[in-house]
Structure formats: C-alpha cells, structure tokens
Amino acid sequence: MKLSTIKNAAIAATAALAISASATAQDLPGFTSWDEVVEQARGETVYWYMWGGSDAINGFVDEFYGQPLQEEYGITLERVPVADTVDVVNQVISEQQAGATGDRGTVDLIWINGENFFTLQQADLLYGPWAEGIPNAALVDWDNPAIYLDFGRPVDGYESPWSSAQFHFVYDSARMDEDDLPRSYAELGDWIEANPGQFSYMAPGPGAFVGTRFVKQLFFELSGGHDQWVGEFNEDLYNEWAPQVWQTLIDWQPNLWREGETYPANQSETDQLFANGETAFTFTQSPSGAAPAIAAGIVPPTSQAFSFDDYMIGDFNYVAIPFNAPNKAAALVTANLILRPDRQAFQVQPDYGFCCGWGIDVSRVTDPDQVAAIDAAMQNLGDAAEDPSILAGALVADIAAEYQTRIEADWERYVLRGEPLPQ
Amino acid sequence: MTDVTVKELAPADRSAGKRATGKVVFYATVIFMCVMLVLPVIAFFVNAFAFRWFYPQLIPDEWSLQAWQRLGLLPPPGQFSIENLFAQWASVPDVVRALGLSLWIGFLVTGVSIVIGMPAARALGMYSFRGKRLVEFIIITPTIVPPIAFSLGLNINFIRWDLALEAAGINLGLSGSVLGVSIVHLVPVMPYVVLTLSGVFANYNADFEAQARTLGAGPFRTFWHVTFPAILPGLFVACLFAFLVSWSQYLLTFLIGQGRVITLPILLFSAAGSGNNAVIAALSLIFIAPAVLILLVSSRYLSGESGAVGGFGRV
Amino acid sequence: MSWERWRIPLMLGPTILIILVLFFGSLGFGFLQSLGYQPQLGNTELNFDAYISVMFSEEHSSRFWAGLLLTFWVAFASTFISAALAIAIALLLRRTFFGKRLAVFLFQLNLPIPHLVIAIGMILVFSQSGLLSRVAGELGLISSPRDFPVLVRDSSGIGIILAYVWKEIAFFGIIVMAILQSLGEDYEAAAQSLGANRWQRFRYVTLPLIMPGLMSASIIVFAFTFGTYEVPRILGVRHPEMLPVMALDFFLNPDLNARAEGMALSIIIAVIVLILVLIYMYISARTIRRG
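Rules behind the numbers
- Residues numbered from 1 in each chain as written.
- Chains lettered and ligands numbered in written order.
- Predicted model: local features only at pLDDT ≥ 70, side-chain atom pairs only at ≥ 80, totals over all residues.
- Helix = DSSP H or I, 4+ residues; strand = E, 2+ residues; numbered from the N terminus.
- Contact = placed C-beta atoms within 7 Å.
- Rg over C-alpha atoms; globule rule 2.2 N^0.38 Å.
- Buried ≥ 20, exposed ≤ 12 C-beta atoms within 10 Å, placed from the backbone.
- Nonpolar A, V, L, I, M, F, W, Y, C, P; charged D, E, K, R; others polar.
- Core = buried A, V, L, I, M, F, W, Y, C linked by C-beta atoms within 7 Å.
- Pairing = 2+ DSSP bridges.
- Axes fitted to C-alpha atoms, helices over the stretch in contact; angles between N-to-C directions.
- pLDDT = per-residue confidence, 0-100.
- Parallel < 35°, antiparallel > 145°, perpendicular 65-115°, else oblique.
- Left-handed = near helix turned anticlockwise from the far one by under 90°.
- Expected span 1.5 Å × (residues − 1).
- Right-handed = clockwise from strand over helix to strand, strands pointing away.
- Bend = angle between axes of the 7 residues up to and from the residue.

Chemist: Would you mind showing me how to read the overall build of chain C here?
Modeler: For chain C, the count of helices and strands is 12 helices and 0 strands. Written out in order from the N terminus, the α and β elements of chain C read α-α-α-α-α-α-α-α-α-α-α-α. Dimensions along the principal axes, computed over C-alpha positions, put chain C at roughly 80 × 75 × 35 Å. Pairs at least 24 apart in sequence give 66% of the contacts found in chain C among residues at least 6 apart.

Below is the structure:
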C-alpha cells in the first residue's frame, strides 16, 4: 500500500513536471503550488544543519548551493556545521520539549539518514510528506528500494535524497601489491594473522556508522548471504549469527593495531593511522575512492580504492525538514536545487570536494546540456577510484536500523569491553 | 672524565667547577622545560604549513599554504594577487566571522562582568556584613560545580523563557542568539572577576576616596582619578580572566547557541573531526593568537604584586 | 539613612541575581529533570529511576563505575602533578639569569590557550605518529610508530592528564609566582641563617607559606578537571569514559529517557565535587583553628 502511494506520488510529480514547472505540486503541505513556494522563499534565510567536519564539503556547499540560491532565488544559505548530526536531532527534540512549535524552531534543513531520521520521524518531528512533491523529484528513482527505504524502513516522503555512498576500502599502492589484497572477510582474517598490528576498523558506534557497516558486512558473509537480512528486524536471525561474528572479531584482536585494546573512533582517525603507516587500510564511501582524501593531503597520493568481491553496503543520504522549521519554503527550494542535474554532476567529481555519488537517476535526465554535463562528470572520477562495475557487482543495501543499535551495543560489550559471550 | 678533572682541581676551583656544572644543569632544565611547554605550539606551526606530513618525516617534505586556502583566508592555489586576496576577505570567510564573533562576545562579556562585578567585589573586599560567607559561597560555586551540571538544564530553560517572553509580547530570542550566549558566558566569568577584584579591594585604602570627595570631587571624578588608577593592575587581570574564560567556552556556546552561534571553539571542534591536520592546526593558531597577544600585554600584571591573583586564596 | 542599609545588597544584587537565576535555577531544573520531570511528555511524577539506572542497572553500571574511577584518577593526578611541577618551575625561575623574561613568558604561554587547543596539540605531539615519536624515530630509538608508547587516546587517561598538566601548570605557576614575589626572600634568608638546608627551607618555610593559595587553586583545578568535557572527548577512548563525556552522550541520545540519565549523571558529578570541596573546607578550617 505504501509503495503504491509512493509510486502514485512519483507519477503525479513527474506528470506535473512534464506539464510545466509551475504546475500544482499537491504534495507540499502548507503550499498550493511550487510557484508559491519559490515566491515565499524569496528573501528567506535557510539554516541548513549538517556535519561540518570536512572543509571540502563545507566549501562545496557554500559555492555550489549558496551562490545559485542567492542569485537565482534570493535565498541566503546559512550552513550550520555540527560535530554530529545527532546534535541537531537533540536540538529539535529540545525545542519540542520546550514547546517551540509552528515555525518557531531554528533548524530549516538537516543532512540526515538512518537512525537520526527515524528518531525524528517516529517522534513526529518532521515536516512532510514533501519529498516527492518538489519538481526535481521526477529525476529520483523512487521505485528503487535503496531510495524509498532508508536503513530498511520507508522514507514516506519525509526526506529527499542528496547523494549516494558505498562502503569500500583504500590501500597504499606504494606499500602493497594489488594481488595481495584481501577480497573477502575470510581473506582479511588470514591477512591480519599474517600481518599483525597493521589492521584496525572504526569502532561501531555514534559518529562511526562506517564501522557498524564494516561489522554488518561480516554478518552477511558469515551467514552466507544478504537476502535473509532484508526487511524487518529479525531477532532470531540476529541471535543466530551474532556470537560467530563477535568470536571472529575477538579472534582477530591479538593481531589488530594496539592488540584491539582500542579502535579508531571515526573516519579521520582511521585515515590518519593509514596515512602514517600504522595501519594498511582505511575506508571510503566515495565513488571516486581515495581521490577526495588525496586532494586534501589526508592520505598519500599513491592511495587506491578497492572493493571486496561481495557485500559492500551502499546507501543514499538525504535532507529533511523539521516540523517547526521557520523557513520551510526556502528549505524546499534548497532540497530541489540539490537534485538539479548540473549540481549533481559537480558533486560526484573529486575536483570539487564533495564526498559522494549520484542522488538522481541519471538516465531520467533528458535536457541535452545536462546530459553532456553528466557524461563529462562520469569521465572525471579520478584514478584513485575502484572500477564502478566492480563496485556495482558487490553492492548490497543497508538493513533495518534496529540491527545498527544492537550491533553497536553488543560490539561494545563483547568485543571492546570483553564480557563473556552468551552461550 | 669529569670526575678526574674535579679531583685535580684545587678546593677553590672545585667549588667554582661545581657552580659551573650547576649552571649547566640549571640552564638545561630551564631550556628543556620551555621546549616541552611550547611543543604543542611548535607542532601547530609546522602542521599548519605542511602538506602530506606523514610518519616518519620529522621535517615536512612538502610545504603548503593549502590549509589557509581551504579556510578561505588566501586565494586558491595559483591565483594569488592582491585583488583576489581582498575579494577573498570581502566575502568574509567562516573563520573570520567566527573570529569576529568570538572577540565581540569576549569583549562584551568582559565589559558587562566588570561593571556588574566591581560593586560586588568592593562589597566583599571592603565590608563585613551578615551572610557574607553565604554570598561568597554562592559566587564561588560556579567555578566548582562543573559547567555540564547546569548547562544541560539551561539549554531547555532558555527555550522556555523565550516562549514565555514571546507570549508576553517580548521577542528576545535568547536561545540560539549571540545575546543569549553572551548572557550565559557571564556564569563562569563572574566568579573569576569578583574573586580577582575582591582581592584588590581587600588591599585598597578607601580613605583617598573620602579625601577626594571632601575636596569636592563628584563620584565619577573620584572613581576616575582615585579608585581607577589604584585598582588598575587588578582590573587588568580580572579583564584577562574574563576574556579568556569566555574566549575558550565550548560547551555553553554549543548548548545555548544551538549551533547557530559559531564562535572559534565551535568551528575548531567541528573541524577536529576532519582529519586534515593542517586545517586543524591553522585554526588552532588563529584561536591562540589573540589570547597570546593579550597575555603579552598583560603578563607583567600577572606576576606583579597586584594582589589580584591572591583573590583565589579566598576560595 | 535608608540608603546605607541598602548599600551592600545593591552592590551585590546584580551578581547574585545572575548566578542565582542562571546557575542555580538551571541546576535546579536539571535536578528536576533527572528525577524524571518532563511536563511536555506528561511526566510530573518524581523518582530516582535515572540515578538507579545509571549506577546500578546491568546495562550501565559497569560503564558508570569504570568512568567514575577514571574521572577520579584523572582529576587527582592532573591536579597533583601540575601543582608539583608548577612549584618546582616557579622556584627555579626565581633566580636571576639570562633569558629569565622569556622563560617566564613561555611558562605562562599555555594560560591563555584554550583547553580544546591544548588537547589537539597533545595529539600532534604525543600520538604514536606525533612529533615526539618522529624525533624518537629519527634518533633510532624506535623503528615504527607501534614502538612508541601509547600516550594519547589510551584507556588509563594519560593523554587527558598530559593535556591538563600542560594547561594547569601555567595557572598554578602564576599563582605560586605571585605569592613568592609578595613574600620576598626574607623568611628563607632567616631560615638559612639559622642553618636550614635547601630542602628544609622549602619544606618548613616556603611550602607552608604558599600552601593556602595553592590549595585554593587546587580546588579550582580539581573541580575543573573533574567536570570538563572537551579534553576527554578529544583525548579519551570509548571505554572507560570520563563522566562528563558520558553525561553529554546520554543527554544527546535521541531517546528522551536517556536525557534524564544524562541529567542524573551531571548532578552526580556536581554532588561529588561539592562534597569533596566541603570536606576540604572543613579540614582546612580545623587546621587553621589548631594552628
């Protein structure tokens, strides 16, 4: 039922766009038409809260969204950097707790996905549904489960995609030969045993969803497949495989960096260990592989991305609008601009500093100029990237958010703190 | 080797030799101490201008201004010209904005805290009255109770007060605003100001004021010509503490500013997760610079006999 | 005259008002929330569930007690080490020598540098691929970063202590130097003429004289290191975790029940520090009465 609603909405939105850009967008609560949104947004300031840890991404946002918003729509973009998206979630909750409803909040737009999204959605703290009502929603493949499901749960039009990412690894081609790279968790285990002290992974937990992802993929490989993990959270399935996963990770421990007494807490620590030669691998989420980190001087220029043969989790990230956003119209215009093909073509190229891949389905773009921009971008992913076809072959979707919570808590308990495994 | 030399020396020379060795040990200790203490600052300087400075390089192989370019303080590589530099600065990069905001809040908080705190310090330093111990306890508590204990409650309180005021037709907007953040900074700042100044007033002779007034000086002239010069060194130290406490405040700004009041600590904390050591180091240098400048100006007051620091003896 | 009667309350009023409303008001509100008071959620019944959950539940207790232990250790060690080093350096810098002004300036240099920056500096200097490790590598003392001791982001809080020592040495130093300067050298000269050796002069003359100021400064530093968030956040590990970091983690957890636990933790921190300070005040008052 939900799916059909989504499809209908998508069709409606596509149809609306086909007729004219000023056609009525019926899916935007509080507005009667897109024109009204654009009109109302003029002169507004959009407060866009996002993880601010990368100056390259910050600069990208200011340049590629801030300028056109100002010049074409008369909207001022105030990018608000946060150390962790959960801070914003907390802030919206605080506002609701204190009774700041209506449009008396402070946050207009949030870069979000997964658990943070569901926290807000479940507490009814998001504006919407709107994501399929903005004109450029027609370019989004809303039939793709990786898009209409975020961590296994329906998005329902409360968030709109920005970009895509896929977990894979980075090694230093100056230090290692491509043929010696592990291509599965089993091979990685052997590699760790043969090269003690040279591997570590991000501690699964707050601020390190990549580490959680690394462990999830081990679940897939050990259990022999990804299909059974799709869908609702399955407690029995989790309990069946979890002890083996923890045992594997515990077995690795003596040969990990610092004997597994501690683990890097986030992407930057993992990158630095790799760059300084303390560990042999780091992780990336970008289709251009190691290129963004190379450009920033964070990792050596000889770094190269590589993928396992299977079970590399890929997903989309989104933007959402809180229920009490003071400038909803400007937030909608911004969300729409994000999906414009020329902006999307900039975001995938490592030269411009953003991290991630396409949010739109490029095959839906028809305008010749924009098609040309997309083709040019495809040729410009840099040489530190893994072959896109190999990545596509290993791609699997992320799973229900409950798994993440369980994995993080249990990993900390059994692997980090070393409590005895349940029999 | 040294032993042999010492044995051969005559008694008088021996003590001279001992003194010389003592001097060497002394200087070595002092130099070691100085180097260790400034090591972080040295590390910031090298990192801020290094590129791909990975282990085991001790001296960077590549130097670069990329951190400063990334922060928007210098034009992009290869485009350096005075016009571009001006254009770059005219667009007010985040760092410049944060620097300005931090300075503005710091000065505002310092000024207000001195104006409010001076009478209180005078009362505590010069008079004895009933309940003085209680008043001292109230003023000192914020330095003892960790900020986290009250800032979590304050976070929600501010939003509630805003709404209550809004209902009464007053749109103050405390939470998420510079005003709110500045007011909140007063909490950790006030105790330092009052403690420091009360130490000054404890050693202060009010007779001069009385004389000035007998000679016909009004209260303002009395303050300006008599009180002010007498307490100036202590005042300086109080201002220094007030500014520094506000300047380095992260948690309160973060929780009350709702992420919108982006001062330097907020910017630095958020950059600390980027992994780009050069950018982090450059930001740190910018964060350090004004504070060190102020120290340069005021250091003689700090080690002087102003009695100002002695205020802490009253905890 | 009635003006005279109101004089002192008027002078104290604004300062007291700010601290009462903003500080004690929020502390009180935080306390209410830690008791589960959340009127927006229809929760007005008060209980100690959050405290019990944090300290004794199976889920949190091992984390809490390990964190408490670490917090005590870090606060005591940082205070003691920085006070001792500051005294030593201050005594050293009392002598007249070439470059004294520079040395004194460098001694004070870390005072205005924010804790956050010092914490970041510690990583650049003391991590296994940091400045010191590279020096050691250059000297041939170690052959890879792994050989360098783990000094930051370690589970016993060494990195956190280092950061506090770097920072608080300057704070203690200024206070000790000010006291030493105001004392002059008369007392020690007198002791010397009575035949006291260097250690005796320090132990029985200098130390007792600087002790009151030093103890007051120690309290401020102890309380500060017990409750600061930034330094352990940057230099700590996931487990064990210092209490302030744990409190904010709970508070920032989107689960609203965790919020009460965060408030409870912050109140626990405040109560522990207050109790320690009261014990100190009681002891010092008794010592003074005896003396």
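Chemist: Can you help me understand the overall build of chain A in this one?
Modeler: For chain A, the count of helices and strands is 16 helices and 11 strands. Against the 2.2 N^0.38 benchmark of 22 Å for 423 residues, chain A shows a C-alpha radius of gyration of 22 Å, consistent with a compact globule. Out of the 423 residues belonging to chain A, those deemed buried represent 58%. Sequence separation of at least 24 residues holds for 80% of the intrachain contacts in chain A that already meet a minimum separation of 6.

Chemist: I would appreciate a short explanation of the interface of chain C and chain B in the present structure.
Modeler: In this assembly, 80 residues from chain C lie in contact with 71 residues from chain B. In terms of residues, the side of chain C that touches chain B owes the most to one element, helix α1 (residues 2–34) of chain C, which gives 17 residues.

Chemist: Just to check I follow, could you spell out the interface of chain A and chain C for this structure?
Modeler: Reports often express the size of an interface as the amount of accessible area lost when the parts come together. Each side of the interface is counted separately: chain A has 21 residues, and chain C has 14 residues. Secondary-structure elements contributing two or more residues to the side of chain A that touches chain C are α4 (85–97) and α16 (401–416) of chain A. In terms of residue count, α4(A) provides more of the side of chain A that touches chain C than any other element does, 6 residues in total. Here the side of chain A that touches chain C is composed, by residue class, of 6 nonpolar, 9 polar and 6 charged.

Chemist: What exactly am I supposed to notice about the nonpolar core here?
Modeler: Taken as a class, soluble globular proteins show a tendency for nonpolar side chains to be buried jointly. In this structure, B:Leu283 and C:Val176 are the most contacted members of the largest nonpolar core, which totals 321 residues. Per element, the largest residue contribution to this core is 18 residues, and it comes from helix α7 (residues 158–183) of chain C.

Chemist: Please explain the sheet that holds strand β9 (residues 303–306) of chain A as it appears in this structure.
Modeler: Adjacent strands of a sheet pair through backbone hydrogen bonds, lying either parallel or antiparallel. Residue and element names in this part refer to chain A. With antiparallel pairing, 3 strands are arranged side by side in an open sheet as β8-β7-β9. Strands at the two margins of the open sheet, each flanked by one partner only, are β8 (282–284) and β9. The sheet shows a mean angle of 40° between the axes of neighbouring strands, direction not considered.

Chemist: Explanation requested: the environment of C:Ala103 in the structure shown.
Modeler: Structurally, the position occupied by C:Ala103 is in helix α4 (residues 100–109). The buried category is assigned to C:Ala103, around which 20 C-beta atoms lie within 10 Å. Along the backbone, C:Ala103 and C:Leu93 are 10 residues apart, and their C-alpha atoms lie at a distance of 7.7 Å. Filtering out sequence-adjacent residues up to four positions away, C:Ala103 remains in contact with B:Val30, B:Cys34 and C:Leu93.

Chemist: So what exactly am I meant to see when it comes to the confidence of the model for chain C here?
Modeler: Low-confidence regions, as indicated by low pLDDT, have predicted coordinates that should not be scrutinised in detail. Averaged over chain C, the pLDDT score is 86; the fraction of residues at 70 or greater is 95%. Across the assembled chains, the prediction reports ipTM 0.87 with pTM 0.86.

Chemist: I tried to follow the packing of helix α8 (residues 209–223) of chain A against helix α9 (residues 235–252) of chain A on my own but got confused; where do I start?
Modeler: In a packed pair of helices, the relevant descriptors are the angle between the two axes and the axis-to-axis distance. Residues and elements named next belong to chain A. With their axes 10 Å apart at the nearest point, α8 and α9 run at an angle of 115° to one another. When the axis of α8 is compared with that of α9, the two are roughly perpendicular. Helix-helix and strand crossings are classified by hand; for α8 and α9 the assignment is right-handed. Each of Val-215, Leu-218, Phe-219, Leu-222 and Ser-223 in α8 lies in contact with α9, whose residues at this interface are Trp-241, Gln-244, Val-245 and Thr-248. Classifying every residue of the contact of α8 with α9 by side-chain character gives 6 nonpolar, 3 polar and no charged.

Chemist: Explanation requested: the pairing of strand β6 (residues 159–166) of chain A in the structure shown.
Modeler: Along a regular strand, successive side chains alternate from one face of the sheet to the other. Residue and element names in this part refer to chain A. When you tally the buried positions in β6, you get 8 out of 8 residues, the bulk of the element. Sheet topology places β6 next to strand β10 (residues 312–320); 7 bridges connect them, and they run antiparallel. Residue pairing across strands places Ser-163 opposite Asn-317, the latter belonging to β10.

Chemist: Help me out: how do you make sense of unusual backbone geometry in this one?
Modeler: When glycine is set aside, most residues are seen to have a negative phi, and most peptide bonds are trans. All names here are of chain A. The omega angle of the peptide bond from Gly-128 to Pro-129 is 0°, so this bond is cis rather than trans. By secondary structure assignment, the location of Pro-129 is in the loop between α5 (114–122) and α6 (145–148). Even without being glycine, Glu-259 reaches a positive phi, approximately 50°. When you line up the elements, Glu-259 lands in the loop between α9 and α10 (267–275). A positive phi angle, near 60°, is found at Tyr-311, a position not held by glycine. Take Tyr-311: it is sitting in the loop between β9 and β10.

Chemist: Can you walk me through the environment of C:Leu91 in this structure?
Modeler: Relative to the helices and strands, C:Leu91 is located in helix α3 (residues 61–92). With 16 C-beta atoms counted inside 10 Å, the residue C:Leu91 sits in the partly exposed group.

Chemist: So what exactly am I meant to see when it comes to the packing of helix α5 (residues 115–126) of chain C against α7(C) here?
Modeler: All names here are of chain C. At their nearest, the axes of α5 and α7 sit 9 Å apart, and the two run at 120° to each other. On the basis of their axis angle, the class for α5 and α7 is oblique. In this structure, α5 meets α7 at a crossing whose hand is right-handed. Mapping the contact onto sequence places His-115, Ile-118, Ala-119, Met-122 and Phe-126 in α5 and Gly-159, Leu-162, Ala-163, Trp-166 and Lys-167 in α7. Split into classes, the residues belonging to the contact of α5 with α7 amount to 7 nonpolar, 2 polar and 1 charged.

Chemist: Help me understand α4(A), please; the structure alone is not making it clear to me.
Modeler: Residues spaced three or four apart along an α-helix point in a common direction, a consequence of the helix completing one turn every 3.6 residues. Residues and elements named next belong to chain A. Taking 1.5 Å per residue as the helical rise, α4 with its 13 residues ought to reach 18 Å, and the 19 Å between its terminal C-alpha atoms agrees with that figure. Along α4, 10 of the 13 residues are buried, which leaves the element largely enclosed by surrounding structure. Those residues of α4 that fall on the buried side of the exposure criterion are Thr-85, Val-88, Val-89, Asn-90, Gln-91, Val-92, Ile-93, Ser-94, Glu-95 and Gln-96. Looking at the residues trailing α4, positive phi occurs at Gly-99, about 90°.

Chemist: In this structure, what is going on with the pairing of strand β1 (residues 45–51) of chain A? I would like to understand it.
Modeler: All names here are of chain A. Summarising burial for β1: 6 of the 7 residues are buried, a large majority. As judged from the 7 bridges shared by β1 and strand β2 (residues 76–82), these two strands associate in the parallel manner. Across the sheet, the residue bridging to Val-46 is Leu-77, located in β2. Of the crossover connections in this fold, the one passing from β1 over helix α3 (residues 55–73) to the parallel β2 is right-handed.

Chemist: Help me out: how do you make sense of the confidence of the model for chain A in this one?
Modeler: Predicted confidence across chain A gives a mean pLDDT of 88, with 94% of residues reaching 70 or more. Confidence over residues 1–26 of chain A falls short of pLDDT 50; this stretch has 36 contacts with residues more than four positions distant or in other chains.

Chemist: What is the right way to look at the environment of A:Val210 in this model?
Modeler: Residue and element names in this part refer to chain A. For Val-210, the location among the structural elements is in helix α8. The class of Val-210 is buried, set by 20 C-beta atoms lying within 10 Å. For Val-210 and Gln-267, which are 57 residues apart along the polypeptide, the C-alpha to C-alpha distance reads 7.8 Å. Dropping the residues within four chain positions of it, Val-210 is found in contact with Phe-167, Met-202, Gln-267, Phe-283 and Gln-285.

Chemist: Explanation requested: α9(A) in the structure shown.
Modeler: All names here are of chain A. In this model, α9 (18 residues) spans 26 Å end to end at C-alpha, consistent with the 26 Å of a helix rising 1.5 Å per residue. At Trp-241, α9 shows its maximal kink, close to 35°; a proline, Pro-243, follows between one and four residues later. On the buried face of α9, the contacting elements are α8 and α16.

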